[in-house]
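Chain residues, written in single-letter form:
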Amino acid sequence: MLVLGIETSCDETAIAIIKLENDGKIQIIAEEVSSQIDLHKAYGGVVPELASREHLKNLPLLYSKILTDSKLELREIDGIAVTRGPGLKGCLLMGYSFAKGLSISADKPFIGVNHIEGHILAPLLDNPDLKFPFLSLVVSGGHTEILEVNQIGDYKLIARTIDDAAGEAFDKSAHLLGFEYPGGPKLAELADSFLNYKQSTKYNFVLPKVMREAEGFSFSGLKTAISQLINKHKNEIDLNPMLKAELAYTIQHSIVDSLVFKLKNALQNSKIKTISITGGVSANKYLRAEASKLGVNCYFPNMNHCIDNAAMIALVGAYRLSAKQADLYTNGVISRWPVESLQKTAA
Ligand code: KG4
Ligand code: ZN
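Residues numbered from 1 in each chain as written. Chains lettered and ligands numbered in written order. Predicted model: local features only at pLDDT ≥ 70, side-chain atom pairs only at ≥ 80, totals over all residues. Heavy atoms only, no water.

Trainee: Can you walk me through the site of ligand 1 in this structure?
Mentor: Taken together, 18 residues sit near ligand 1, with Gly141, Asp171, Gly280, Asn284 and Asp308 positioned nearest. Here a nitrogen atom of ligand 1 sits 3.0 Å away from a polar atom, N or O, in the side chain of asparagine 284. For ligand 1, whose accessible area on its own is 550 Å², the fraction buried by protein is 87%. Mapped by element, the contributors of at least two residues to the shell around ligand 1 are helix H4 (115-121), helix H6 (166-176) and helix H7 (184-193). Among the residues forming the shell around ligand 1, the class breakdown is seven nonpolar, nine polar and two charged. (Near = heavy atom within 4 Å. Polar contact = N/O pair within 3.5 Å; in protein donor to acceptor, adjacent residues only side chain to side chain. Areas by Shrake-Rupley, 256 points an atom, 1.4 Å probe, with all protein chains shown as cover. Helix = DSSP H or I, 4+ residues; strand = E, 2+ residues; numbered from the N terminus. Nonpolar A, V, L, I, M, F, W, Y, C, P; charged D, E, K, R; others polar.)

This is the structure in structure tokens:
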């Protein structure tokens, strides 16, 4: 079955076509993504109204490119899947209306998809040997949670952030260090470069280990400690590259440490011994390295499927369509939508 997926929940416009074979094999036929980073950089974060307009402009362009690249016509597609939530309402509406138009014009099934379910299942796009059940750590700019993934649609929440997401902690710290939005990847790159300096470090900064006893995640205490640490050295940062790299290293270490600590707890309390890490922050090399030391099979999406993409949305759409659940979530867009409230695909 061929499914076209559309993603516009935040600042990436993405369209993809995937093929789901009867034996479960997944093939990505074509995928396109247009990032709006340059547009929002000047404002230090995503401006929802600008993002919506950009989606409106990009959708028809990406749509005609994807059909050209795949050499397919709309009538050959079996279903249209689109992110319905969670996300920015105006942004979601752009993709949702575009997808609805395609579905009506070609008389194809329309499937509303939960963005987090997309992230949870994204590692399946690139890892054919990943099997249910597994524990999933979803770490992105807006979400940080660990779930037990028993099968498609059957997600049990184990831990969720009560305030900021891990990606936000990376981005806000990066902003304090002087990086443009979204600074997470740049902070990570600088942190990794610190290993080159490590022998000569003189600071050995220590950040508090937060939320060790609590069930969920929290990054607000850490954020305050990071901002105090950076402020203390504010005047030296731009003059001393080693100091800046060491601060980045310390920040990355403490964010990753809190993620891996909770993952380790989740593993200890569960019979499931396979983990998957997904969402934008799963692109982080240090997180990948530390999680791989946990002694269990650990899966990640390919780099282009860590961040927001449409192949993961098309994949969820294909699963829902094959389970005859295309009509489940077609009642408009929704900005908050907990993934554990979804229905399973099988009884
Ligand atoms: O999944 P995503 O594209 O969007 C959301 O759904 O939020 O995640 C974007 C987030 C941003 O906060 C970005 O800074 C972070 O992922 N990110 C990283 C890295 N690459 C992306 N954070 C740390 N290290 C990275 N290498
Ligand atoms: Zn996302």
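Trainee: What should I look at first to understand the sheet that holds strand E2 (residues 12-20) in this one?
Mentor: Sheets are built from strands paired through backbone hydrogen bonds, the pairs being either parallel or antiparallel. If you trace the five strands from one edge of the open sheet to the other, you get E3-E2-E1-E4-E5, paired in mixed fashion. Each edge of the sheet is formed by a strand with only one pairing partner; in this case those strands are strand E3 (26-35) and strand E5 (110-114). Within this sheet the neighbouring strands show an average axis-to-axis angle of 20°, counted without direction. Looking at chain direction, strand E4 (residues 79-85) and E5 are connected through five bridges and run parallel. Bridging across to E5, threonine 83 finds its partner in valine 113. This element, helix H3 (residues 89-106), spans strand E1 (2-7), E4 and E5 of the sheet and lies at about 160° to E4. Against the sheet, helix H13 (residues 311-322) engages E1, E2, E3, E4 and E5, with an angle of about 45° to E2. (Pairing = 2+ DSSP bridges. Axes fitted to C-alpha atoms, helices over the stretch in contact; angles between N-to-C directions. Contact = heavy atoms within 4.5 Å.)

Trainee: How should the coordination of the zinc ion (ligand 2) be read in this particular structure?
Mentor: When a metal holds four donors in a tetrahedron, each ideal angle between them is 109.5 degrees; when it holds six in an octahedron, the ideal angles are 90 or 180 degrees. Listed as protein donors to the zinc ion (ligand 2) are His115 (NE2), His119 (NE2) and Asp308 (OD); their distances from the metal cover 2.0 to 2.1 Å. With four donor atoms in place around the zinc ion (ligand 2) and angles of 94 to 143° between them, the coordination shape is irregular. In primary sequence terms, the donor set of the zinc ion (ligand 2) follows H-x3-H-x188-D. Within this pair, histidine 115 and its partner histidine 119 are both found in helix H4, separated by four residues, close to a single helical turn. Using a relative accessible area of 5% as the deciding quantity, one classes histidine 115 as buried. Histidine 119 sits in the buried class, given a relative accessible area of 0%. (Donors = N, O, S within 2.8 Å, 3.2 Å for Na, K, Ca; no water. Tetrahedral: all angles 85-135°; square planar, octahedral: opposite > 155°, others 65-115°. Buried < 20%, exposed > 50% of the residue type's maximum accessible area, 1.4 Å probe, protein only.)

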